[in-house]
Amino acid sequence: MSTPSKRERLRLIVVLRVSTAGQAVDGYGLPAQERDCRRWNGTAGHRVVHVVADGDEKGGKTGKSTIDERDGLMEAMEWIADGRADGILAPNLDRLARELTVQEAVLAYTWALGGRVFTADHGEHLEDDEDDPMRTAMRQMRGVFHQLDRGLIRKRLRDGRATKGEHGGYAYGAPRFGQQAVDNELVELGPEKEVEDLILRWRDEEGLGARAICRRLNDEGWPSKRGGKWHPTTVARIIDPAAREANRVRSAFDREQKKEETRRTRASKILGSSVR
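Residues numbered from 1 in each chain as written. Predicted model: local features only at pLDDT ≥ 70, side-chain atom pairs only at ≥ 80, totals over all residues. Heavy atoms only, no water.

Draft legend 1. Broad picture of the sheet that holds strand β1 (residues 11-17). Here we have 5 strands laid out as an open sheet, ordered β2-β1-β3-β4-β5, and mixed in their pairing. Edge positions in the sheet fall to β2 (47-54) and β5 (123-125), since each has one partner strand and no second. Along the sheet, successive strands turn relative to each other by an average axial angle of 30°, direction set aside. Examined bridge by bridge, β1 and strand β3 (residues 87-90) share 3 bridges and lie parallel to one another. Residue I13 lies in a different strand from β3, and its bridge partner there is I88. Packing of helix α5 (residues 100-112) onto the sheet brings it into contact with β3, β4 (116-119) and β5, and relative to β4 it is tilted by some 135°. (Pairing = 2+ DSSP bridges. Helix = DSSP H or I, 4+ residues; strand = E, 2+ residues; numbered from the N terminus. Axes fitted to C-alpha atoms, helices over the stretch in contact; angles between N-to-C directions. Contact = heavy atoms within 4.5 Å.)

What follows is the structure, given as structure tokens:
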């Protein structure tokens, strides 16, 4: 570990990130990250002038997020650009990013602004030097392993969910009407199950369709899963498993379309900035 000379006293911004709400509460959360940064700085002798964070106990910010998607990190960059700080201090490179391309972009952006980069587990990360290619290689190898770790975690989660789903267990997603998740298992939810039975009885005994059942539910004041008005498509998913599966496929398609739209929007923004 490299430790800067105590004679130079820089103004540093502590940069923190949590990727999930669970991590914020049970894992390496923001307080623990800040504590590690301040402990390192106690030896290095710099001055912490500001602390920024991406993510909190309500939700995290993934390590894939680029610079412009990280409000805390962007705020730190603004402080450096305005001359109010000399650099950033993070607990480790993993907290800056878990994808190598994002990690390198954060470092390059900070250096381009004239800032310096420190992590509590390493010290200063110096700018690339053509006369010292090993410096860049070793840093990027750390980034590769951070990215690999993230990929393996995601794969284990996907495999576990898939296996549980194949055995009829609750894998993920919002439980359907009439059920709730308890200890990672689906169980009947009493009040909702009562409404579901009523809906099926109206269908079987009175021959009512989704729209007619929907009107009756709203007229009689039966609550929906989220407490709002009933819609025919919601009723259709309860009385027709095929409709429920079609809705699942449609929702997955819509999510992919939204992701693609987001990617295209960001790409247009980046291209527009480069042209200017």
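Draft legend 2. Focus on the packing of aromatic side chains. Per the counting criterion, the structure on display carries 1 aromatic pair. Geometrically, the ring pair formed by W40 and F118 is tilted, given 5.7 Å between the ring centres and 40° between the ring planes. With W40 in helix α2 (residues 30-44) and F118 in strand β4, this pair connects stretches of sequence that are 78 residues apart. On the basis of relative accessible area, W40 is assigned to the buried category, the value being 7%. The ring of W79 has R84 sitting right over it, with the charged end atom 4.4 Å from the ring centre. Positioned above the aromatic ring of W202, the side-chain terminus of R216 is 4.6 Å from the ring centre. (Phe/Tyr/Trp six-rings, centres within 6.5 Å; stacked < 30°, edge-to-face > 60°. Buried < 20%, exposed > 50% of the residue type's maximum accessible area, 1.4 Å probe, protein only. Lys NZ or Arg CZ within 6 Å of the ring centre and 35° of its normal.)

Draft legend 3. Representation of the packing of helix α8 (residues 210-220) against helix α9 (residues 232-239) in the model. Where α8 contacts α9, the axes come no closer than 8 Å and their chain directions differ by 115°. It follows that α8 is roughly perpendicular to α9 by the angle criterion. Crossing angle aside, the handedness with which α8 passes α9 is right-handed. Together, A210, R211, I213, C214 and L217 of α8 and P232, V235, A236 and I239 of α9 make up the contact between the two elements. Taken together, the residues that form the contact of α8 with α9 break down as 8 nonpolar, no polar and 1 charged. (Parallel < 35°, antiparallel > 145°, perpendicular 65-115°, else oblique. Left-handed = near helix turned anticlockwise from the far one by under 90°. Nonpolar A, V, L, I, M, F, W, Y, C, P; charged D, E, K, R; others polar.)

Draft legend 4. The arrangement of the pattern of salt bridges in detail. On inspection of all chains with the given rule, the structure shows 13 salt bridges. Across the pair D54 and R70 runs a salt bridge, and its minimum N-O distance is 3.0 Å. Of the two residues, D54 sits in strand β2 while R70 sits in the loop between β2 and α3 (71-81), which places them 16 residues apart along the sequence. Take R70: its relative accessible area is 0%, and that puts it in the buried class. The closest approach of N and O atoms between R135 and D132, which form a salt bridge, is 3.5 Å. Taken together, the salt bridges that share partners define one network made up of E8, R116 and E124. (Salt bridge = Lys/Arg side-chain N within 4 Å of Asp/Glu carboxyl O.)

Draft legend 5. Broad picture of α5. With 13 residues, α5 should reach 18 Å at 1.5 Å per residue; the first-to-last C-alpha distance of 18 Å fits that figure. For α5, every residue scored as buried is listed here: V102, Q103, E104, V106, L107, T110 and W111. (Expected span 1.5 Å × (residues − 1).)

Draft legend 6. Main features of the pairing of β1. In terms of burial, β1 is largely enclosed, as 6 of its 7 residues are buried. Note that β1 and β2 share 7 bridges and pair parallel. Its bridge partner lying in β2, I13 is registered against H50.

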